[in-house]
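# Understanding the architecture of this molecule
Chain residues, written in single-letter form:
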Amino acid sequence: MANLAWKNLVYDKVRLSVTLTGIVFALVLVLIQFGLFLGFLDTTANIVAASGADLWITAPGIPHVNGATAIPESRRYKALSVAGVERAEKHNIQFVNWKLPSGAQEAVQIVGFELNSGMGGPWNIVEGSVDDLRGEDTVMVDELYKEKLGVKGIGHVAEIQGKRARVVGFTRAIRSFTTSPYVFTSFKNSQNYARLGPDEMLFLLVKLAPGANAAAVQKALQETIPGVDVYTNAEMRRKTQNYWLFSTGAGVTTLMGAALGLLVGMVVVAQTIYASTVDHIREFGTLKAMGAGNGYVYKVIIQQALISAGFGYVLAIGAGYLVAKGSETGNAAILLPPEMALGTLVLAALMCIGASVISIRKATTIDPALVFKG
Amino acid sequence: MQNRIEIRNLSKVYGEGSTAVKALDGVSLDVRQGETMMLLGPSGSGKTTLLSVMGGILRPTSGSVKVNGIEISNLNETRLPKVRLDNIGFIFQGFNLFPALTTLENVEIAIELRGRSIPKGRARQLLEAVGLGDKLHAYPANLSGGQKQRVAIARALAGNPPIILADEPTAALDSTSGQIVMDLLSNLARQEQRAVVIVTHDARVLHYGDRIVHITDGRMTDLPEAA
């Protein structure tokens, strides 16, 4: 039986090519649209996800991590007094202006972190080190934005808010969702660049003591420190993602793109599998005339669909990984995590089986006279 | 001789109301074991419809159809395939071979459908019996019309059915191939005691029939015995 399904498929190589092209197109479309969506979600909150902090303390009611207002530095001492808090480190993320060599201004987001804290700093460092940021007016940018910021290489000197900024390192693939790249520097430098007062900060990043209960410490911090909000890392990430996802046209567009990709993919696969089944409809009629039950015919049709799905998936996942790899050096990230690859395999199988179920109806309602036509 | 097919007062109507077309109208006939029956009639007379009803592919509007003693006119779709599988072998005008399968595989799939132990080598034996022992691994596209029809005969015999229903088996063949095919079919009745029903337009093959049944406008017009 597997023999018939397999042989039916490979016998007509042109038809097989058309079928696989349809499936590959549909799956690559789904992979790219969902990869863009995941990339979008990741990019909006990567700075939170990679911070290493367990809890974030902010001014009350901030909409997202890129829109914080200042809180007094004294809050840090209150935080440190709460049981279960191992460390509480000052942190800034603030929009500032970067002066290009042409004299034009480019908005960037300065990220100031305590260099010894191990929280809130850059990751994927490809040139330089965190220690290089100990120097006065030193910054680190992502190599994706070299051209945008007019940075030639290590040692390049620019101006942030009219103050000197010397590039001492580069990160790789730390994208900003907004058009403003992240620029990492020490907390102290960031206060100068962001024109914050000496006793002001935008965030406190909290590291819990080993064994401390995050929810309990969060509650205690909220009760102990007046005039702040306390979020877990996951809450801050979700808050930021939801803001960009649902409060901006870009988020809704990406979400709709993913949904549309899925819909178009399903229609293309359904049409492709249906056409492939209908091509063999006379053979299925012959099988029935020979005494095959509907179950046998269903199995052959579903096997054909699954074989097509399998081959289509292998080709599509290969193409998807190439596209995702290519996106690493572009501004829009396309993520293809193993869970999505696996999900796409299941989706491909379900789409193909679903489409074959539609074709099965056609096969089981064959006009008997069809098999007698010469 | 035992009746393999018994048809009584058979009617088949396509469509409903003003668009209804009566394809068969009050047909009654028996097909006996060891008999070759030729169904003759102009295009659209109802021959193929009658063959379809005999084979349990098409359900009659009214009347009774017994295949090897089993009333099939009211059998549901889950039981009909088994009746076809155990009792009937079809041969089609257009051969209806699976183009993606070799000659041998085309016969083997009919054996596989039975899902029971059939002696290994049965497919090969059947193909050798129809003179295609040297074409076991050829694909239908590489066979002549006559060879294809002989594969179809071997396939129809895979389950050793007591009834063979053939629709215009020589229509697409030259006279030599047609004669070979008709000899094979005729021998299935005479030597192997199967009931063979052949729909045909081909006057060259009428003499192979033990009985010729004329169908006109869905009715049997006469039942002359063949010479």
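Residues numbered from 1 in each chain as written. Chains lettered and ligands numbered in written order. Predicted model: local features only at pLDDT ≥ 70, side-chain atom pairs only at ≥ 80, totals over all residues. Heavy atoms only, no water.

## Topic: the overall build of chain A
Test applied: Per the convention used, a helix needs a DSSP run of H or I reaching at least four residues, while a strand needs a run of E reaching at least two, with both numbered from the N terminus. Using C-alpha atoms as the atom set, the radius of gyration is obtained and then compared with a globule rule of 2.2 Å times the number of residues to the power 0.38. Here the term buried applies to any residue with accessible area under 20% of the maximum for its type, exposed to any over 50%, and partly exposed to those in between, with areas from a 1.4 Å probe on protein chains only. Whether two residues touch is decided by their heavy atoms; if any such pair falls within 4.5 Å, the residues are in contact. Only the protein chains shown count as cover for residues, with accessible areas throughout obtained via the Shrake-Rupley method and a probe of 1.4 Å.
Of regular secondary structure, chain A possesses 11 helices and 12 strands. By the compact-globule yardstick of 21 Å for 374 residues, chain A is too spread out, its C-alpha radius of gyration being 28 Å. Principal-axis analysis of the C-alpha atoms places the extent of chain A at approximately 90 × 50 × 35 Å. Expressed as a percentage of its 374 residues, the buried residues of chain A come to 51%. When contacts within chain A are restricted to residue pairs at least 6 apart in sequence, long-range pairs at least 24 apart make up 78% of them. Surface summary for chain A: the accessible area is close to 15900 Å², and the carbon and sulfur share equals 60%.

## Here we look at the domain arrangement of chain A
A common way to express how large an interface is: the accessible area buried when the components associate. Residue and element names in this part refer to chain A. Applied cut-off: Where each domain starts and ends comes from a domain assignment, either automatic or drawn from a database. Buried area: the accessible surface (1.4 Å probe) lost by two parts on joining, summed over both. What counts as a salt bridge is simple: a side-chain nitrogen of Lys or Arg found within 4 Å of a carboxyl oxygen of Asp or Glu. Think of a polar contact as two N or O atoms within 3.5 Å of one another; within protein, one of them needs to be a possible hydrogen donor and the other a possible acceptor, and neighboring residues in sequence only count if both atoms come from side chains. Throughout this entry, Asp, Glu, Lys and Arg are counted as charged residues, while Ala, Val, Leu, Ile, Met, Phe, Trp, Tyr, Cys and Pro are counted as nonpolar. The remaining residues, Gly among them, count as polar.
Splitting chain A by domain gives domain 1 (2-44 + 249-372) and domain 2 (60-227). Every contact between the two is made by 11 residues of domain 1 and, on the other side, 7 residues of domain 2. The largest contributions to the domain 1 side of the interface with domain 2 come from Thr43, Thr44 and Asn331, which together make up 58% of the buried area. Counting across the interface, domain 1 meets domain 2 through 0 salt bridges. Counting every contact that joins domain 1 to domain 2 gives 2 residue pairs in polar contact (both at pLDDT 80 or more). Ranked by the residues each element gives to the side of domain 1 that touches domain 2, the list is headed by helix α2 (residues 13-49), at 3 residues. Of the residues assigned to the side of domain 1 that touches domain 2, the class counts are 4 nonpolar, 6 polar and 1 charged.

## Side note on a nonpolar patch on the surface
All names here are of chain A. Threshold: Within the patch definition used here, like charges are joined within 9 Å and nonpolar side chains (Val, Leu, Ile, Met, Phe, Trp, Tyr) within 5 Å, considering only residues with over 30% relative accessible area and no salt bridge.
Together, Phe25, Leu260, Leu263, Val264 and Val267 line one region of the surface with nonpolar side chains, adding up to about 460 Å² of accessible area. At 4 residues, the largest contribution of residues to the nonpolar patch is made by helix α8 (residues 249-279). By the secondary structure assignment, Phe25 is in helix α2. A residue is classified by how much of its surface remains accessible, and Phe25, at 46% relative accessible area, is partly exposed.

## Examining the interface of chain A and chain B
Tallying the contact residues gives 22 residues for chain A and 28 residues for chain B. Taking both partners together, chain A and chain B bury about 2300 Å²; carbon and sulfur atoms supply 66% of that area. Counting the surface chain A buries against chain B, the share from its top three residues, Tyr11, Met290 and Phe372 of chain A, is 32%. For the pair chain A and chain B, the number of links is 1 salt bridge. Across the pair Glu105 of chain B and Lys7 of chain A runs a salt bridge whose closest N-O atoms are separated by 2.6 Å. Considering every element that reaches the side of chain A that touches chain B, the biggest residue donor is helix α9 (residues 281-289) of chain A, with 6 residues. Each residue belonging to the side of chain A that touches chain B can be placed in one class, and the counts come to 11 nonpolar, 7 polar and 4 charged.

## Observations regarding the packing of aromatic side chains
All names here are of chain A. Short version of the rule: Aromatic pairing here means that ring centres of Phe, Tyr or Trp (its six-membered ring) are within 6.5 Å. Orientation follows from the plane angle: under 30 degrees is stacked, over 60 is edge-to-face, and everything else is tilted.
Tallied over the full model, the rule gives 8 aromatic pairs over all chains. A centroid spacing of 4.8 Å and a plane angle of 85° characterise the contact between Phe40 and Phe177, whose relative ring orientation is edge-to-face. Placement of the pair is Phe40 in helix α2 and Phe177 in the loop between β8 (163-171) and β9 (182-186), with a sequence separation of 137 residues. Look at Phe40 and you get buried, because its relative accessible area is 8%. Following the ring pairs from residue to residue traces out a cluster consisting of Phe40, Phe177, Tyr243 and Trp244.

## Regarding empty space enclosed by the protein
Heads up, the rule is: Cavities and pockets were defined on a 1 Å grid built over protein atoms only: a cavity is a set of grid points that admits a 1.4 Å probe from which the probe cannot escape, a pocket is an open set flanked by protein on both sides within 12 Å along at least five of seven lines, and lining residues are those with an atom within 4 Å of any such point. Grid points are joined across faces, edges and corners, and a volume is the space filled by probe spheres set on the points.
This structure, assessed with the given rule, holds 2 cavities of 30 Å³ or more. The space that makes up the largest cavity amounts to roughly 70 Å³. In this structure, the largest cavity is lined by Ala289 and Met290 of chain A together with Ile88, Gly89, Phe90, Ala110, Arg114, Arg155 and Ala156 of chain B. Mapped by element, the contributors of at least two residues to the lining of the largest cavity are β6 (88-91), α3 (103-114) and α5 (145-156) of chain B. The element contributing the most residues to the lining of the largest cavity is β6 of chain B, with 3 residues. Counted by class, the lining of the largest cavity contains 6 nonpolar, 1 polar and 2 charged residues. There is about 40 Å³ of room inside the second largest cavity. The wall of the second largest cavity is formed by Val53, Gly56, Leu58, Arg59, Pro60, Val65, Ile72, Ser73 and Leu80 of chain B. In terms of residue class, the lining of the second largest cavity is made up of 6 nonpolar, 2 polar and 1 charged.

## Describing the pairing of strand β3 (residues 85-99) of chain A
All names here are of chain A. What counts is decided by this rule: Pairing between strands is defined by DSSP: at least two bridges between the two strands are required.
Sheet topology note: the β3/strand β11 (residues 203-208) ladder contains 6 bridges and is antiparallel. The partner of Ala88 across the bridge, within β11, is Val206. Summarising the sheet, β3 and strand β4 (residues 105-113) pair through 9 bridges and their orientation is antiparallel. Note that in β4 the partner of Ile93 across the bridge is Val111. Between β3 and β4, which pair antiparallel one after the other, the connecting turn spans 5 residues, and Gly103 there sits at a positive phi close to 100°. Sheet topology places β3 next to strand β7 (residues 157-160); 2 bridges connect them, and they run antiparallel.

## Regarding the nonpolar core
Selection criterion: Among the buried residues, those of types Ala, Val, Leu, Ile, Met, Phe, Trp, Tyr and Cys that are joined through side-chain atoms within 4.5 Å form a nonpolar core.
Judged by nonpolar contacts, the single largest core of 61 residues is most densely connected at Trp56, Ile57, Trp98, Ile160, Phe203 and Leu221 of chain A. Grouped together as the second largest cluster of nonpolar side chains are 55 residues, Leu85, Leu97, Leu101 and Leu143 of chain B included.

## Observations concerning the sheet that holds strand β3 (residues 36-40) of chain B
Residue and element names in this part refer to chain B. Applicable threshold: To obtain each axis, a line is fitted to C-alpha atoms, and for helices this fit is confined to the stretch in contact; angles are then taken between N-to-C directions over 0 to 180 degrees.
Spatially, the 6 strands line up as an open sheet ordered β6-β7-β8-β3-β9-β10, and their pairing is mixed. Two strands in the sheet have a free side with no partner beyond their single neighbour: β6 and β10 (219-220). For β3 and strand β9 (residues 211-216), the ladder comprises 4 bridges, and the chain directions are parallel. Bridge pairing in β9 places Met38 opposite Ile212. Lying over the sheet, helix α2 (residues 80-87) contacts β6 and β7 (163-167), oriented at roughly 80° with respect to β6.

## Describing helix α6 (residues 175-190) of chain B
Because an α-helix packs 3.6 residues into every turn, residues spaced three or four apart end up facing the same way. All names here are of chain B. Rules: Take the residue count of a helix, subtract one, and multiply by 1.5 Å to get its expected span.
Here α6 is 16 residues long and its end C-alpha atoms lie 22 Å apart, about the 22 Å a rise of 1.5 Å per residue gives. Among all positions of α6, only Ser177, Gly178, Val181, Met182, Leu184, Leu185, Ser186, Leu188 and Ala189 are buried. In this structure, the buried side of α6 is in contact with β3, β6, α4 (122-129), α5, β7 and β8 (195-200). By the N-cap criterion, in which a side-chain oxygen at the helix start approaches the backbone nitrogen of a residue two or three places on, α6 is capped by Asp174, the distance to Thr176 being 3.1 Å.

## Let's talk about the pattern of salt bridges
Evaluated as defined, the whole model comprises 22 salt bridges over all chains. It is possible to trace a salt-bridge network through shared partners that takes in Arg76, Glu86, Arg87 and Glu89 of chain A.

## With respect to the packing of α3 of chain B against α5 of chain B
Any two packed helices are characterised by the angle at which their axes cross and by the distance between the axes. Residues and elements named next belong to chain B. Note the cut-off: Working rule for angles: under 35 degrees goes down as roughly parallel, over 145 as roughly antiparallel, 65 to 115 as roughly perpendicular, anything else as oblique. Two helices crossing with the near one rotated counterclockwise from the far one by less than a right angle form a left-handed crossing, whereas a clockwise rotation gives a right-handed crossing.
Where α3 contacts α5, the axes come no closer than 8 Å and their chain directions differ by 25°. As far as their axial angle goes, α5 and α3 are roughly parallel. The handedness of the crossing between α3 and α5 comes out as right-handed. Judged by residue contacts, Thr103, Asn106, Val107 and Ala110 of α3 engage Val151, Ala154 and Arg155 from α5. The residue inventory of the contact of α3 with α5, partitioned by class, reads 4 nonpolar, 2 polar and 1 charged.

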